[in-house]
Amino acid sequence: MRRRPAIIVLLFCLLLGFGGSAAAQYTTIQVKTAFLFNFAKFTSWPTQHSPQQTGELIVGIMGRDPFGPALQPFRDYRIHGRPVRIRDVSTLAEARGCHILFIADSESPRLRQILQQLPQSGLLTVSDIPGFAARGGMIELLKIDQRIRFIINLDASRKAGLTLSAHLLKLARNVISARGQEP
């Protein structure tokens, strides 16, 4: 709980769209980390894959970990009453045990293979690899005008049985869907 107030301030600033001094004191990596864990608060998993079933929310980092010490405040974090567990993931088999999988840019050369072979249900994929959402990933983090934004591939999340809250969809820079651009 030592750093929780700072994290909560950052999350509110990000969600409410304040860019100025409150968000400026954080590094890009800290902001991306906060987004990663905030996505969990606005995602509902299918019953058989939910954190309620496993008793914990498992976040996997595949590839070269870009977060480093920025993950530390989240090691004792709880989301929806469930403890968060952070794991380094090197294989697709390990990824199957996660609720959220961040795919690092070091995995860019094999992104297509990774996305094709990941489980089709219950796994929220997030990355900052350019074009991630257009290539079948669910949430792509990108930097625009010195601020971190995100794009959601709604079709990919629906295919995985995930429900993203309307609030999260409204905050997205862009929502990709076969039905056309959404909110």
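Residues numbered from 1 in each chain as written. Predicted model: local features only at pLDDT ≥ 70, side-chain atom pairs only at ≥ 80, totals over all residues. Heavy atoms only, no water.

- Looking at an unreviewed UniProt entry, one finds the protein named DUF4154 domain-containing protein and attributed to Geothermobacter hydrogeniphilus.

1. A word on the pairing of strand β5 (residues 100–103)
Line of reasoning, step 1. Neither face of β5 is exposed, since Ile 100 and Phe 102 on one face and Leu 101 and Ile 103 on the opposite face are all buried.
Line of reasoning, step 2. Pairing analysis gives four bridges linking strand β2 (residues 57–62) to β5, with the strands arranged parallel. Pairing of Gly 60 across the sheet is with Leu 101, part of β5.
Line of reasoning, step 3. One ladder, built from four bridges, connects β5 with strand β6 (residues 124–127); its direction is parallel. Within β6, the residue paired with Ile 100 across the bridge is Leu 124.
Line of reasoning, step 4. This β-α-β element, β5 to helix α6 (residues 111–117) to β6, shows right-handed connectivity. (Buried < 20%, exposed > 50% of the residue type's maximum accessible area, 1.4 Å probe, protein only. Helix = DSSP H or I, 4+ residues; strand = E, 2+ residues; numbered from the N terminus. Pairing = 2+ DSSP bridges. Right-handed = clockwise from strand over helix to strand, strands pointing away.)

2. Section: the sheet that holds strand β8 (residues 147–153)
Strand pairing in a sheet is mediated by backbone hydrogen bonds. Such pairs are either parallel or antiparallel.
Line of reasoning, step 1. Taken in spatial order, the eight strands make up an open sheet running β3-β4-β2-β5-β6-β7-β8-β10, and their pairing is mixed. Both edges of this open sheet fall to β3 (78–79) and β10 (174–176), since each of them pairs with a single strand only.
Line of reasoning, step 2. Both β6 and strand β7 (residues 139–144) contribute to a ladder of two bridges, which runs parallel. If you follow Ser 127 over to β7, its bridge partner there is Glu 140.
Line of reasoning, step 3. Helix α3 (residues 28–41) contacts β2, β3, β4 (82–89), β5, β6, β7 and β8 of the sheet and is inclined by roughly 35° relative to β8. (Contact = heavy atoms within 4.5 Å. Axes fitted to C-alpha atoms, helices over the stretch in contact; angles between N-to-C directions.)

3. Regarding the packing of aromatic side chains
Centre distance and the angle of the planes are the two values used to describe a pair of aromatic rings.
Line of reasoning, step 1. In this structure the tally under the stated criterion is six aromatic pairs.
Line of reasoning, step 2. Measuring from ring centre to ring centre gives 5.6 Å for Phe 35 and Phe 150, while their planes differ by 65°; the resulting arrangement is edge-to-face. Within this pair, whereas Phe 35 is found in helix α3, its partner Phe 150 is found in strand β8, the two being separated by 115 residues in sequence.
Line of reasoning, step 3. Among the residues examined, Phe 150 registers a relative accessible area of 3% and is labelled buried.
Line of reasoning, step 4. Aromatic pair Phe 37 and Phe 74: ring centres 4.1 Å apart, planes at 5°, arrangement stacked. You can see Phe 37 sitting in helix α3 and its partner Phe 74 sitting in the loop between β2 and β3, a full 37 residues away along the chain. Grouping residues by exposure puts Phe 37 and Phe 74 together as buried.
Line of reasoning, step 5. Ring pairing ties together the aromatic residues Phe 35, Phe 39 and Phe 150, which thus form one cluster. (Phe/Tyr/Trp six-rings, centres within 6.5 Å; stacked < 30°, edge-to-face > 60°.)

4. Some thoughts on the pattern of salt bridges
Line of reasoning, step 1. One pass over the full model with this rule turns up four salt bridges.
Line of reasoning, step 2. Residue Arg 85 is joined to Glu 56 by a salt bridge in which the shortest nitrogen-to-oxygen separation is 3.1 Å. A residue pair is termed long-range when its members are at least 10 positions apart, and Arg 85 in strand β4 and Glu 56 in the loop between α4 (51–54) and β2 qualify at 29 residues.
Line of reasoning, step 3. Given a relative accessible area of 35%, Arg 85 falls into the partly exposed group.
Line of reasoning, step 4. The class for Glu 56 is buried, based on a relative accessible area of 18%.
Line of reasoning, step 5. The salt bridge involving Arg 87 is made with Glu 56; its shortest N-O contact spans 3.6 Å. Remark: Glu 56 occurs in the loop between α4 and β2 and Arg 87 occurs in strand β4; sequence separation between them is 31 residues.
Line of reasoning, step 6. Each of Glu 56, Arg 85 and Arg 87 takes part in one network of salt bridges that share partners. (Salt bridge = Lys/Arg side-chain N within 4 Å of Asp/Glu carboxyl O.)

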